[in-house]
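# Inside the fold
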Amino acid sequence: MATIGALVSELSANTASFKKDLGKAVNYLHSFEALTNKTLAMINRGFSRLGGPLLTVFSTAAIAGFAKSVLDTGDQLSKLNQRTGISVEKLSEFAYGAKLANVSTQDMATGLQKLAQHMAEAVSNRGSQAAEVFQTLGISATDANGRLKDTSKVFEELSAKFTDTADGAEKVAIARALLGKTGDSLIPMMNQLAQTSA
């Protein structure tokens, strides 16, 4: 069983990792913003030479809208990283998978947050429902050293276990028990994740 000292040590390590990932994300977003501004200026000059000011406005607005969308997504993933401890890169992968499976980013975020909470609960209270579900599935919330696993790793393990579970009430019950009340909305994403990982 994990001790308070081990959990504090793990939290410190996760915080350091988060700060590093967040720094990379912020630098990436600043670089992207500078590149976008340069690109918009070049496009604007090019269209101005062609004499299409109306086209320039629409094209520039579309590109600016896309850039804003990318920046907003980066911001959402950065905030979700803070709440779950999952790297921004892995969250990007999950967000893409969620989009392909028609799962909202909000449902994905809620499910991952709930999973992280239930992992901690399973470690601190071996008699909890979360601990029982993890045990039944043969998934451990901790690594070989007794430290909490990365939430993304447990999510991937859970997705793999779902391939062995028939769609229906049992799968929905497991999803809701570990991912919260909207956990069943993540089932298509998890099925797809398991298929691509296999």
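Residues numbered from 1 in each chain as written. Predicted model: local features only at pLDDT ≥ 70, side-chain atom pairs only at ≥ 80, totals over all residues. Heavy atoms only, no water.

## Details of helix α6 (residues 151-162)
In an α-helix, one full turn covers 3.6 residues, which means residues spaced three or four apart are oriented alike. Inclusion rule: For the purposes of this entry, the term helix denotes a DSSP run of H or I that reaches at least four residues, the term strand denotes a run of E that reaches at least two, and both are numbered from the N terminus. To estimate how far a helix should extend, the number of its residues minus one is multiplied by 1.5 Å. Three labels apply to residues, based on accessible area from a 1.4 Å probe with only protein chains included: buried if under 20% of the type maximum, exposed if over 50%, partly exposed otherwise in between.
Taking 1.5 Å of rise per residue, twelve residues should cover 16 Å, and α6 covers 16 Å from first to last C-alpha, within 8% of that figure. Every buried residue of α6 is listed here: T151, S152, V154, F155, E157, L158, S159 and F162.

## Here we look at the pattern of salt bridges
For clarity, the cut-off: Salt bridges are defined as contacts in which a side-chain nitrogen from Lys or Arg sits within 4 Å of a carboxyl oxygen from Asp or Glu.
The full count for this structure, using the stated rule, is five salt bridges. Among the salt bridges present, the one from K149 reaches E157, with a minimum N-O distance of 3.0 Å. In this structure, the salt-bridge partner of D184 is R176, at a minimum N-O distance of 3.2 Å. Sharing partners across several salt bridges, the network here consists of K90, E93 and E156.

## Overview of helix α7 (residues 169-179)
Quick reminder of the rule: The directions considered for the arc run from the helix axis to the C-beta atoms.
Where α7 is concerned, the buried positions are K171, I174, A175, A177, L178 and L179. All buried residues of α7 fall inside an arc of 165° around its axis, so they share one side. One or two positions beyond α7, positive phi appears at G180, with a value near 95°.

## Let's talk about the side chain of T151
In plain terms, the rule: Any two residues whose heavy atoms approach within 4.5 Å are treated as being in contact.
Structurally, the position occupied by T151 is in helix α6. Given the relative accessible area of 7%, T151 is considered buried. Beyond its immediate stretch of four places on either side in the chain, T151 contacts T84, I86, L112, L115, A116 and M119.

## Some thoughts on the environment of T196
For T196, the position within the fold is in helix α8 (residues 187-197). Note on T196: relative accessible area 61%, which makes it exposed. When the C-alpha atoms of T196 and G97 are compared, they prove to be 9.8 Å apart, with 99 residues separating the residues in sequence.

## Some remarks on the confidence of the model for the protein chain
Which entries qualify depends on this criterion: Per-residue confidence from the prediction method is given by pLDDT, with values spanning 0 to 100.
Across the protein chain, pLDDT averages 76, with 60% of residues at or above 70. Element-level mean pLDDT values for the protein chain span from 58 in helix α2 (residues 53-84) up to 92 in helix α5 (residues 129-137).

## Examining the side chain of T142
Structurally, the position occupied by T142 is in the loop between α5 and α6. In this structure T142 comes out as buried when scored by relative accessible area, which is 15%. Leave out the neighbours within four places in its chain, and T142 touches V123, R147, L148 and K149.

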